[in-house]
Amino acid sequence: MWRRWLVAFVAPVLAVGLVAAPARADGLQPVTSTLTSTNPADNIPHAQNGDTKAFAEIGNTVYVGGSFTSVKAAADASWTARSYLFAYDKTSGALKTGFTPVVDGAVHALAVSPDGKLIVGGAFANVNGVSRKNLVQLDPTTGATVAGWVGRSDGGLVRRTVVVGNKLYIAGAFHWVNGTQHSLLARLDATTGAIDPTFQIDASVARASSELVWGLAVSPDGNTLVAVGNFTEVNGQPRNQVVVVELAGTPTVADWSTQRYVAPCYNWSFPFYARDVDFSDDGSYFVIIADGGRGDGAYCDAIARFETATRGAALDATWVNYTGTDSVTSVEVADNVVYVGGHFRWLSNANGNDSAGAGAINRFGLGALDPINGLPLVWNPTRSGAPAGTTDWGPIMWELWRGSTGLYAGFDSDGLGNEYHGRLGLFPLAGGRTVPAVNAPTAASGYLYLGTADGQATKVSFNGTTVGAPVASSQPSLTAAGAAFSIGNKLYWSKTDASAPSGSYLDVSIFTGGSVGAPWVSSGYNNWFSAASMSGAFYLDGRMYYTKAGTNKLFYRYLEPDGYIVGCTEFTLPSQGLAWGTVRGMAWVAGKIVYGNTDGSLRAVPFDETAVDGAASVEIAAAGAGVNWSGKTLWFATS
C-alpha cells in the first residue's frame, strides 16, 4: 500500500468501479490557461525538519509558516535556528534578519490585513512571550506583536485564515473566539480583530475522532464560503465534510449538499478525507480535493469541480479526477489552471487501485489540470530531487499558493522539480507558457470531408442545411483511417496499425489549406484506447463524443488537446429516438450533430450537450444522391 501515513486530530494537537456521469455546467467552454514554469526558482530559501504550511506576501517580503526548526538562504552553507515562521526578500531570497517573532507552536495559516499587517494562525499558545492562543497580528517588519489587535482563539487550532475586504474568516479546531462561542468557523474584523457577531455558522459532530474544519475558501466577490473537514452538521443541518455558506447579508447555510463525501473510504485510516478547497479567479466554481482511499460512490483520493451558483441536494461534481487510491492534499486554482499536490503517482486513474490503470497519467506528487474537464495539462515538475540523507518523499503537500510571481509550494520533504528544495519552493511565472483555448470549428458554414479510400477524400461545401457538389480531395497522409474530428488547426483521426497495443492509434495531423499533414501518434498515454472502435466522432468543449457500430448509445470521454490525452472514463449521454449503432462519421456544426448513416444518407440533429432527441433529426442528403455518407472518416473544416 503506497499510503503509509495517517492524519488524525486529537484536540487540540495535530497528531472503479463504475463512475457516475458528471453534471454538465451551462456554457462550459475551453479557456486560455497560463502555466508556471516547471523549473523551481533557485533563490528560494530552504527549511529543515517539519514542514511548510503557509505563505503570504507584503510588498517585497515573503512570509513562510510551518513546523520547521531552522532555515537558510539558498546560497548559505549553515542553518539559522528559526522555528515556525520566517521572512525573506522576494527578489534576492535573502533572509529578513530583522523579522524575529518567537512562536511556540506550528504556524498553519498566514494572511494580510487591509492595513498591511501579518495575521498568523496555528497551533501555538504564546507569541513573543505573551499569551496569544492560535491567532495573532504581527508587525511585518520586526515580527513584534500588535498589542491592540484583539483576535484570540481558545487553544485548539486555527488552520485557515482568509481575508476578503476587511473581513477575516478563520477555520480550524476551536469553539470559542474572543470569548464568544463559535464552533470551527468565525469571522472577525481584519483590522482590529474584533469578532463579527452576525456570522454564526457552527460546524460540529465529527465523523470520527475530533471535529475540525481543515480547508476554507471564500469567493473573490465575498458572497460564498466553502469549508471542508471533519464535521457532519452545520447549524443543525446535515452537511457531511463540506458546507457552502451564503455570505450576502446575514450569513446562512446554503441549500447545497452532496452525498459524495458521506461514504467512509478507508475509515480505519482517515476519519475524514475532504482536505482542501479553492475558488477559481472569477469565483464561478470551486475545486475540492481529497485523500481517503476508496469508497462506494465517494470522491475519495480525488479532485472534483463544483459550480458556485448551483443549489440543491445530492449534487454531483462537474468532473472528477481520481488518482487510484493515492492522496491529494492541496489545491490552488489560478490563471485557469487547477494545481494539485499530494502523495500521488498518477492522475486520471479511475481504473487503477494502487497501480496504474488504463488511461493513467504519470504525475509524481504535483499536477496541473484543465478546469474544463479535469484532465492533466503538460506540466509535470514532480516531487523529486532530494539529496541523499534528506527526506525524499513526504506524505503531504501542505500548501499550494499563487503569489505575485508564481506558485509557492509547501511540503514535508526536500525535493522539487528534480532539485534540492528544503520544505518549500516556487514555480515562477517567468518561463511558463500559455495554453490556448481550442475547440471544434465554430463557423456556420464550411466544408464536410469524407474519407473514401486510402489517400482519398470527398470535399463538399456545407452551409448548415444543404450540401454542395462533391469534389475529389487528394489526402496522401490519410491512410487506414477511421473516425476523425477537428480541434483548432488539427485533425484527430483513428489509424489502424498492427503494431499498436490496441490495434490502432489516435493520430493527429495539422490540417491547413484543406490538406491533412503527416500524422503523429497523439500520446503514449493513449495506447490502451482502441480508436478504431469508434464509428464516428466529434469534439466539443473538452469532450470527445463517439459512436460504436451496432451499439445504440452516444458515448463520450474527456479529451485534452494540450498533450492529446484521452480520458480514462467512458460516459453515455442521454438520448432517445436515434439509432446510434447505424451512425457512420460525425461532425459538430453550429449547434448540430451532422452524421452519416449505414444507408448512405446524411442527417443532422440539434445538440445542446446535455441530451439528444432523435425526433428532431432531419435529412440533409438522401442515400444515393451523389455521395455515399456511410464512411467513418467524416469531419468539418472551414478550408
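Higher on the page you've got the structure.
A few points on the structure.

### Some details on the sheet that holds strand β14 (residues 167-173)
Reasoning step 1: Read from one edge to the other, the open sheet built from three strands follows the order β13-β14-β17, with strand pairing classed as antiparallel. Bordering the open sheet on either side are β13 (157-164) and β17 (185-189), each of which pairs with just one other strand. Sheet twist, expressed as the average angle between the axes of neighbouring strands with direction ignored, equals 25°.
Reasoning step 2: One ladder, built from five bridges, connects β14 with β17; its direction is antiparallel.

### Overview of the side chain of Arg345
Reasoning step 1: Tracing the sequence through the fold places Arg345 in the loop between β30 (337-343) and β31 (346-347).
Reasoning step 2: Residue classification places Arg345 among the buried residues on the basis of a relative accessible area of 15%.
Reasoning step 3: At 2.6 Å, the side chain of Arg345 and the side chain of Asp354 are in polar contact.

### A few points about the environment of Ala444
Reasoning step 1: Relative to the helices and strands, Ala444 is located in the loop between β39 (433-435) and β40 (446-453).
Reasoning step 2: Ala444 has contacts with Phe462, Asn463, Gly464, Val589 and Ala590, leaving out every residue within four places of it along the chain.

### Some remarks on the nonpolar core
Within soluble globular proteins, side chains that are nonpolar tend to cluster in buried spots.
Reasoning step 1: Among the nonpolar cores identified, the biggest contains 33 residues, and Ile303, Val338, Val340, Leu554, Ile593, Phe607 and Val612 are the most heavily contacted of them.
Reasoning step 2: Elements that contribute at least two residues to this core include exactly β26 (285-290), β29 (327-334), β30, β48 (536-540), β50 (551-560), β52 (571-573), β54 (583-589) and β55 (592-597).
Reasoning step 3: The contacts of Ile593, once residues within four sequence positions are left out, are Phe538, Leu554, Trp580, Met586, Ala587, Arg603, Ala604, Val605, Phe607 and Val612.
Reasoning step 4: Formed by 28 residues, the second largest nonpolar core is a distinct cluster that contains Tyr273, Val277, Ala304 and Ala317.

### Section: unusual backbone geometry
Reasoning step 1: With phi around 50°, Asn235 is a residue other than glycine that occupies positive phi space.
Reasoning step 2: Looking at the element boundaries, Asn235 is found in the loop between β21 (233-234) and β22 (237-238).
Reasoning step 3: One non-glycine residue with positive phi stands out, namely Cys265, at about 50°.
Reasoning step 4: Along the polypeptide, Cys265 turns up in the loop between β24 (252-253) and β25 (274-279).

### Focus: the pattern of salt bridges
Reasoning step 1: Going through the model one piece at a time under the given rule, you end up with 19 salt bridges.
Reasoning step 2: In this structure, Lys90 and Glu57 form a salt bridge, with 3.9 Å as the shortest nitrogen-oxygen distance. Residue Lys90 is found in the loop between β7 (85-89) and β8 (107-112), and its partner Glu57 is found in strand β3 (residues 52-58); the two are separated by 33 residues along the sequence. The same class applies to Lys90 and to Glu57, which are both buried.
Reasoning step 3: In this structure, the salt-bridge partner of Arg305 is Glu307, at a minimum N-O distance of 2.7 Å. Of the two residues examined, Arg305 and Glu307, each falls in the buried class.
Reasoning step 4: Taken together, the salt bridges that share partners define one network made up of Arg160, Asp276 and Glu399.

### A word on the pairing of strand β56 (residues 602-606)
Reasoning step 1: Where β55 meets β56, five bridges bridge the pair, whose relative direction is antiparallel. When the sheet's bridge partners are listed, Ile593 is paired in β56 with Val605.
Reasoning step 2: Bridging between β56 and strand β58 (residues 618-621) involves three bridges; their strand directions are antiparallel. When the sheet's bridge partners are listed, Leu602 is paired in β58 with Ala621.

### Regarding the sheet that holds β24
Reasoning step 1: Read across the sheet, four strands follow the order β19-β20-β23-β24 without closing on themselves; strand pairing throughout is antiparallel. The open sheet has two edge strands with one neighbour each: β19 (212-218) and β24.

### A word on the packing of aromatic side chains
Reasoning step 1: Counted under the stated rule, the structure contains 37 aromatic pairs.
Reasoning step 2: When the ring of Phe68 is compared with that of Phe86, the centres are 5.5 Å apart and the planes differ by 75°; the resulting orientation is edge-to-face. On the criterion of sequence distance, the pair formed by Phe68 in the loop between β4 (61-66) and β5 (70-72) and Phe86 in strand β7 is long-range, its members being 18 residues apart.
Reasoning step 3: Overall, Phe86 belongs to the buried group, its relative accessible area being 0%.
Reasoning step 4: Residues Tyr299 and Tyr322 carry aromatic rings whose centres are separated by 6.5 Å and whose planes lie at 70° to one another, so their mutual orientation is edge-to-face. Placement of the pair is Tyr299 in the loop between β26 and β27 (302-307) and Tyr322 in strand β28 (residues 319-322), with a sequence separation of 23 residues. The residues Tyr299 and Tyr322 share a single accessibility class, namely buried.

What counts, and at which threshold
Numbering of residues begins from 1 in every chain and follows the order in which that chain's sequence is written. Local features in this predicted model are restricted to residues whose pLDDT is 70 or higher, and side-chain atom pairs enter the listing and the counts only when it is 80 or higher, whereas totals over whole chains, interfaces and linings include all residues. Only heavy atoms go into the side-chain values, all of them from the structure, while hydrogens and water stay out. What makes two strands pair is DSSP finding at least two bridges between them. Strands here mean DSSP runs of E at least two residues long; helices mean DSSP runs of H or I at least four residues long; both are numbered from the N terminus. Note on method: axes are straight lines fitted to C-alpha atoms, helices fitted across the in-contact stretch only, with angles between N-to-C directions ranging 0 to 180 degrees. Each residue is assigned to one of three classes by its accessible area relative to the maximum for its type, calculated with a 1.4 Å probe on protein chains only: buried under 20%, partly exposed between the two thresholds, exposed over 50%. Pairs of N or O atoms within 3.5 Å make up the polar contacts considered here, provided that, within protein, one atom can donate a hydrogen while the other can accept it, and that residues adjacent in sequence are counted only when both atoms are side-chain atoms. Residues are treated as being in contact if the distance between any of their heavy atoms lies within 4.5 Å. Nonpolar cores are built from buried Ala, Val, Leu, Ile, Met, Phe, Trp, Tyr and Cys residues. Side-chain atoms within 4.5 Å join them into one set. Should a side-chain nitrogen of Lys or Arg be within 4 Å of a carboxyl oxygen of Asp or Glu, the pair is scored as a salt bridge. Here the aromatic set is Phe, Tyr and Trp, taking the six-membered ring for Trp, and pairing holds for ring centres within 6.5 Å; pairs whose planes are under 30 degrees apart are stacked, those over 60 apart are edge-to-face, and all others are tilted.

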